[in-house]
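Listed below are the residues making up each chain.
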Amino acid sequence: MATPIISSSSFLRFFMGFFLVFLCLILCSFENGFALAARDTKPHLLPHTTHTVEVKSLLPATTCSPSTKGDNNNKASSVLKVVHKHGPCSKFHKSSKTSTTTSDEKYHAQILRQDQARVNSIHSRLNHNNNNRIKDALTQSAATTLPAKSGLVIGSANYIVTVSLGTPAKQLSLEFDTASDLTWTQCKPCTGSCYEQAEPIFDPSLSSSYKNISCTTAECTQLSSSGIQHRCSASTSACLYAAGYGDKSFTIGFFGSEKLTLTPTDVFECFLFGCGLDNEGLFGGSAGLLGLGRSSISLVEQTANKYNRLFSYCLPSTSSSTGHLTFGDGGSPNSVKFTKLITSSQSESAASFYGLGLAGINVGGSQLSIAPSVFSSSGTIIDSGTVITRLPATAYASLRGAFQEAMKNYTLTKGYSLLDTCYDFSGLDTVSYPKIAFVFGDGLTVDVDATGIFVPISPSQVCLAFAGNEDDSDIGIIGNVQQKRLEVVYDVAGGKVGFAPEGCD
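Residues numbered from 1 in each chain as written. Predicted model: local features only at pLDDT ≥ 70, side-chain atom pairs only at ≥ 80, totals over all residues. Heavy atoms only, no water.

**Section: the overall build of the chain**
We apply this condition: Runs of E in the DSSP output that reach at least two residues are strands. Runs of H or I that reach at least four are helices, and both are numbered from the N terminus. With a 1.4 Å probe rolled over the protein chains alone, any residue whose accessible area is under 20% of its type maximum counts as buried; one over 50% counts as exposed, and the rest are partly exposed. Note on definitions: a residue-residue contact is assigned when non-hydrogen atoms from the two residues lie within 4.5 Å.
Within the chain one finds 8 helices and 30 strands. Every one of the 505 residues in the chain was classed for burial, and the buried ones make up 52%. In the chain, the share of contacts with a sequence separation of at least 24, taken over all contacts with a separation of at least 6, comes to 73%.

**Examining the pattern of salt bridges**
To keep it simple, the criterion reads: Salt bridge, as used here: a side-chain nitrogen of Lys or Arg that lies within 4 Å of a carboxyl oxygen of Asp or Glu.
Tallying each qualifying case throughout the model produces 12 salt bridges. Here Arg 309 and Glu 301 are joined by a salt bridge, their closest N and O atoms 2.9 Å apart. Linked through salt bridges whose partners overlap, the residues forming this network are Arg 118, Asp 177 and Asp 383.

**Comments concerning unusual backbone geometry**
Of note, the bond from Thr 167 into Pro 168 is cis; its omega dihedral lies within 30 degrees of zero at 0°. Counting through the fold element by element, Pro 168 comes out in the loop between strand 3 (159–165) and strand 4 (170–177). Of note in this structure, Asn 308 is not a glycine but carries a positive phi near 55°. Relative to the helices and strands, Asn 308 is located in the loop between helix 6 (304–307) and strand 12 (310–314). Judged by its relative accessible area of 48%, Asn 308 falls in the partly exposed class. Notably, Arg 485 is not glycine yet its phi reads approximately 65°, a positive angle.

**Structural notes on the sheet that holds strand 24 (residues 445–447)**
Spelled out, the test is: Strands are labelled as partners when DSSP assigns at least two bridges between them.
Taken in spatial order, the 4 strands line up as 17-16-23-24 in an open sheet, and their pairing is antiparallel. Every other strand in the sheet has two partners, leaving strand 17 (366–367) and strand 24 as the edge strands with one partner each. The pairing of strand 16 (residues 358–363) with strand 23 (residues 436–440) spans 5 bridges and is antiparallel. Each residue of the ladder has a partner; that of Leu 358, found in strand 23, is Phe 440.

**Concerning the confidence of the model for the chain**
Threshold: The predictor reports its confidence for every residue as pLDDT, a score running from 0 up to 100.
Overall, the prediction assigns the chain a mean pLDDT of 83, with 78% of residues at 70 or greater. In this model residues 21–45 is a low-confidence stretch, pLDDT under 50, and it forms 1 contact with partners more than four residues away in sequence or in other chains. Counted against residues more than four places away or in other chains, residues 95–100, with its pLDDT under 50, gives 3 contacts.

**Concerning the state of the cysteines**
Should the sulfur atoms of two cysteines be covalently bonded, the bond is a disulfide. Heads up, the rule is: Cysteine sulfur atoms that come within 2.5 Å of each other are treated as a disulfide pair.
Considering all chains together, one arrives at 7 disulfides under this definition. Sulfur-sulfur distance for the disulfide between Cys 64 and Cys 89 comes to 1.9 Å. Taking the torsion about the S-S bond as the criterion, the Cys 64 to Cys 89 disulfide, at about 100°, is right-handed. Residue Cys 64 is located in the loop between strand 1 (50–54) and strand 2 (77–84), and its partner Cys 89 is located in the loop between strand 2 and helix 2 (101–127); the two are separated by 25 residues in the primary sequence. On the accessibility criterion, Cys 64 (33% relative accessible area) is partly exposed.

**As for the packing of aromatic side chains**
Spelled out, the test is: Classification of ring pairs uses Phe, Tyr and Trp, with its six-membered ring standing for Trp, and accepts pairs whose centres are within 6.5 Å; under 30 degrees between planes counts as stacked, over 60 as edge-to-face, and the remaining range as tilted.
One pass over the structure, following the stated rule, counts 19 aromatic pairs. Consider the rings of Tyr 210 and Phe 273, whose centres lie 6.1 Å apart with planes at 80°: the pair is edge-to-face. Note that Tyr 210 is positioned in the loop between strand 5 (184–186) and strand 6 (211–212) and Phe 273 in strand 10 (residues 266–280), a separation of 63 residues in sequence. You can call Tyr 210 buried: its relative accessible area is 16%. Judged by centre distance (6.4 Å) and plane angle (55°), the ring pair of Phe 438 and Phe 466 falls under tilted. Within this pair, whereas Phe 438 is found in strand 23, its partner Phe 466 is found in strand 27 (residues 466–468), the two being separated by 28 residues in sequence.

**Quick word on the sheet that holds strand 26 (residues 461–464)**
Spelled out, the test is: Every angle, taken between N-to-C directions, lies between 0 and 180 degrees, and every axis is a line fitted to C-alpha atoms, over only the stretch in contact when it is a helix.
In space, the 4 strands of this open sheet follow the order 20-21-26-25, with antiparallel pairing throughout. Here the strands that pair on one side only, and so sit at the sheet edges, are strand 20 (411–413) and strand 25 (454–458). Going from strand to strand, the sheet's axes swing by 35° on average, the running direction of each strand aside. Pairing analysis gives 3 bridges linking strand 20 to strand 21 (residues 422–424), with the strands arranged antiparallel. From the neighbouring strand, Thr 413 faces strand 21, where its bridge partner is Cys 422.

**Some words on the side chain of Ser 295**
Applicable threshold: Side-chain atoms alone can form a polar contact between residues adjacent in sequence; in general such a contact is a pair of N or O atoms within 3.5 Å, and within protein one must be able to donate a hydrogen while the other accepts it.
Tracing the backbone shows Ser 295 in the loop between strand 11 (288–291) and helix 5 (299–302). A residue is classified by how much of its surface remains accessible, and Ser 295, at 9% relative accessible area, is buried. For Ser 295, the side chain forms a polar contact with the side chain of Ser 226, separated by 2.6 Å. Ignoring sequence-local partners within four residues, the contact set of Ser 295 consists of Asp 181, Ser 226, Glu 301 and Ser 352.

Below you can see the structure in the form of structure tokens.
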């Protein structure tokens, strides 16, 4: 049998075909390897623009985990422990053994209703200088004495500190509030009515240092600058006050002076406060209010000689941990950065709010396309008592759109009360969500802590903790959820407010 003969031309074609296939394989392999390397160097999520946390860390715990931050021996400052009124670190906390889904929902619904009442009251106070007349507070029914809205704020000032009043000193748990000026507590003999509180009600007749303020003094007349109604008692010429709040809570009584003890070494004689004889409202067991506003009757002004109008606080990350409220120079962290404090000129009583020059918002590391005039035309305040941050309608719409776009891989569920952007995280171990930051007009950018972006109703309903005002004319409010874990420093004398991350727990 003859051996086949391969021609030179056939061999050349075979060799060239093999070479081309081999070269193609090499080139394709190199290209795929290069592309794979390129993909490996480009992260799917940018860590510096997102938070990744365990879902369970967003939910409240049932046991108290006190913070050790904020403790110091600085003689120039006074440090008080801050607890959430409804958390396990509070004496008002109810055992979780009786908690049910229904009761939890009722709790959240009540908090948000109170929060909206507070915001409505702030807006009312800024838009109208209410000077409603009051009748004799000791002889008339409170229901007919005060209107539903008298220009003051309360509602959800839900962080508690403990101070002492009187001689001998009696401990009282008070809600501290940067949007209120008057410090007051319930007093015996409760000639009208008193709500239930955790500690015994303060009895001025048992204190050797208590005095009523006369209605003819400058101390009495200065109440009006804080939007508080006052008049003379017909029988004693003592100064009577009446403070009604946006959620229909109120306190009526004598304006007096007493010894206030913040710590064993920081004691203030003749501290002016309201001794409430007729009090009703949703104060949740606290004995009253600690006013940290900017008017002359606030604690900040009354202790100015000692603390130079300087105080700071850190609100804990969850209701199961603690924070601190510090008066004076407590050694603020080096990381604190300041922005200018702005005074509202809308009304006399509005001057006690702490205004800030908010100019923009970042989501996921990028500033939203919102005209600065949207913020400047309405203004912005920071408030320890408002829970949910309120933004001008236009700004909130932009924030919500950007946040939902970044969260499009998660299940969007039904809204809850005033919260319209909620997610179902049930069945998930961890979640990633975009960082949010406030941008101020003087260049300061403040990152909201990872714990300050959501409000958890349940694992299946975790909601963005921002809401929009009805329109762009209502003032914006930076609420306490967005202040969690930030050291917020109020240098009133210096005309500035500062922020530092990780101030507590």
